[in-house]
Amino acid sequence: HTFQRFTRPISPLSSKITNITGITNDMLSTAIPLQTGLSEFLAFSQNSTIVAHNAAFDIPWLLTNLMRYNLPYQDINIVCTLNWAKASKEPKCSLGALSKKYGLAHNNAHRALADAIVTKELYAILTQKYPDMKPPKSLSDYTSICENLAKRYTEYVQS
């Protein structure tokens, strides 16, 4: 199963973001509100382990926004393939470098679904190659950082 949604941004995308992702402001003009997208994601991912490449970046964004909208969430497990690759002494640990090393097709890099699919494939490879080195965390490991961000930046909540 896959999950992918565009959500309406608070402000227009910069040209830098459009260049990196290929996502334009026109593509987001009819997107759903962030709160709706987060609610749909929670329903989709309940009781799942989240696998991310660079969870230290992605998970605080997710958790901070859940807190901003007072959306209930469970303390689920997080596996970071970037940390796993580093702990396994991979010479280059970017998602692009690892996808090349392991022959993973990575079309549409920097788009959420494409990156998630490659991360899932990388997870399977690391599980086989380094089964005893999986570095699990839980969502609660990120809570204190995110509580402060959610309180400090309330202007980012969409009405």
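Let us look at the structure shown here.

Rules behind the numbers
- Residues numbered from 1 in each chain as written.
- Predicted model: local features only at pLDDT ≥ 70, side-chain atom pairs only at ≥ 80, totals over all residues.
- Heavy atoms only, no water.
- Helix = DSSP H or I, 4+ residues; strand = E, 2+ residues; numbered from the N terminus.
- Rg over C-alpha atoms; globule rule 2.2 N^0.38 Å.
- Buried < 20%, exposed > 50% of the residue type's maximum accessible area, 1.4 Å probe, protein only.
- Contact = heavy atoms within 4.5 Å.
- Areas by Shrake-Rupley, 256 points an atom, 1.4 Å probe, with all protein chains shown as cover.
- Core = buried A, V, L, I, M, F, W, Y, C linked by side-chain atoms within 4.5 Å.
- Pairing = 2+ DSSP bridges.
- Axes fitted to C-alpha atoms, helices over the stretch in contact; angles between N-to-C directions.

Turning our eyes to something else, we now look at the overall build of the protein chain. In terms of regular secondary structure, the protein chain is built from 8 helices and 3 strands. Ordered by position from N to C terminus, the α and β elements of the protein chain give α-α-α-β-α-β-α-α-α-β-α. In terms of C-alpha radius of gyration, the protein chain reaches 16 Å, essentially the compact-globule figure of 15 Å for 159 residues. Viewed in the frame of its principal axes, the protein chain has a C-alpha envelope of about 45 × 35 × 30 Å. In the protein chain, which comprises 159 residues, the proportion classed as buried is 35%. Within the protein chain, residue pairs in contact and separated by at least 24 positions form 74% of the contacts whose partners lie at least 6 positions apart. Accessible surface, the protein chain as shown: approximately 9900 Å² in total, 54% of it carbon and sulfur.

In terms of nonpolar packing, the biggest core is built from 33 residues, with Leu-38, Ala-55, Ile-59, Leu-63, Leu-66, Ile-78 and Tyr-142 touching the most fellow members. Breaking this core down by element, the ones donating at least two residues are helix 3 (34-45), strand 1 (50-52), helix 4 (55-68), strand 2 (77-80), helix 5 (81-87), helix 6 (95-101), helix 7 (112-129) and helix 8 (143-152). Take this core: its biggest share by element is 6 residues, from helix 4. Other than its neighbours up to four places away in sequence, Leu-63 contacts Tyr-73, Leu-139, Tyr-142, Thr-143 and Cys-146.

What follows is about the sheet that holds strand 2. Taking strand neighbours across the sheet as the criterion, the 3 strands line up as 1-2-3 in an open arrangement whose pairing is mixed. Strand pairing shows two members of the sheet lacking a second neighbour, strand 1 and strand 3 (136-138), which therefore form its edges. Averaged over neighbouring strand pairs, the angle between their axes works out to 30° when direction is ignored. As defined by bridge partners, strand 1 adjoins strand 2 across 3 bridges and the pair is classed as parallel. Note on strand 2: the bridge partner recorded for Ile-50 is Ile-78. The sheet strands contacting helix 4 are strand 1 and strand 2, and the helix crosses strand 1 at an angle near 130°.

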